[in-house]
Amino acid sequence: MDQDISTFIRDKKLEEAFKLIVKEYHQKVYWQIRRMVLIHEDADDVSQNVFIKVYQNLDSFKNESKFSTWIFRIAYNETINFIHKNAKERNVSYDDYSMNVANNLSSDVYFRGDEIQQKLQKAIASLPEKQRTVFLMKYYEELKYEQISEILGTSVGALKASYHHAVTKIKEFLELED
């Protein structure tokens, strides 16, 4: 699929490329964002922004990395910007904003998780920003460290350490909750 997208972009068939992108990546991008912002409406808004940016920048895709890496980087940046903007508007830190959202998750009509899922989301929200991001990309998205490294611009070694610390902190959080 990425090859087809790259071919359409190279041949300046941007409409065709964009249709394939939406078909292939809409759900993946939505869930990457949703796991970070937790609220459906927020994930929808950020997803729309991501696809607008993708469309606006299709002709600048250089094919130097995998297309999925490029789009996930855009999604990551848009999500982080969204969270920071909302945290600033509420005059709280990024971490406090994320924890507040996780604490109020049960009031989201689109959240289908049970009590255990809520505890896990709170544990993830309690992580520092980088550890949280690495954990979400590795655990849920099942991305390889090399791809996460390209998306975040961080070394593989640092990512492995962040993931290990995140898993340890999540276990400790969940043990304290029991």
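This one's a predicted model, so the numbers in the text were calculated from it and none came from an experiment. (Residues numbered from 1 in each chain as written. Predicted model: local features only at pLDDT ≥ 70, side-chain atom pairs only at ≥ 80, totals over all residues. Heavy atoms only, no water.)

1. Description of the packing of helix α2 (residues 14–37) against helix α7 (residues 129–140)
Okay, so step 1: Packing of α2 against α7 leaves a shortest axis separation of 10 Å and a crossing angle of 135°. The orientation of α2 relative to α7 falls into the category oblique. Here the hand of the crossing between α2 and α7 comes out right-handed. From α2, Gln32, Arg35 and Met36 reach across to α7, where they touch Thr133, Leu136, Met137 and Tyr140.
Okay, so step 2: Taken together, the residues of the contact of α2 with α7 sort by class into four nonpolar, two polar and one charged. (Axes fitted to C-alpha atoms, helices over the stretch in contact; angles between N-to-C directions. Helix = DSSP H or I, 4+ residues; strand = E, 2+ residues; numbered from the N terminus. Parallel < 35°, antiparallel > 145°, perpendicular 65-115°, else oblique. Left-handed = near helix turned anticlockwise from the far one by under 90°. Contact = heavy atoms within 4.5 Å. Nonpolar A, V, L, I, M, F, W, Y, C, P; charged D, E, K, R; others polar.)

2. Some remarks on empty space enclosed by the protein
Okay, so step 1: With the rule as written, the count across this model stands at two cavities of 30 Å³ or more.
Okay, so step 2: Approximately 40 Å³ is the volume found for the largest cavity.
Okay, so step 3: In terms of lining residues, the largest cavity is bounded by Arg35, Met36, Leu38, Ser98, Gln121, Ile124, Ala125 and Arg132.
Okay, so step 4: Listed by contribution, the elements that provide at least two residues to the lining of the largest cavity are α2 and α6 (115–125).
Okay, so step 5: The biggest single contributor to the lining of the largest cavity is α6, with three residues.
Okay, so step 6: Looking at the lining of the largest cavity, its residues break down into four nonpolar, two polar and two charged.
Okay, so step 7: Reported here for the second largest cavity is a volume of approximately 30 Å³. (1 Å grid on protein atoms, 1.4 Å probe; cavity = no way out; pocket = protein on both sides within 12 Å on 5 of 7 lines; lining within 4 Å. Points joined across faces, edges and corners; volume = space filled by probe spheres on them.)

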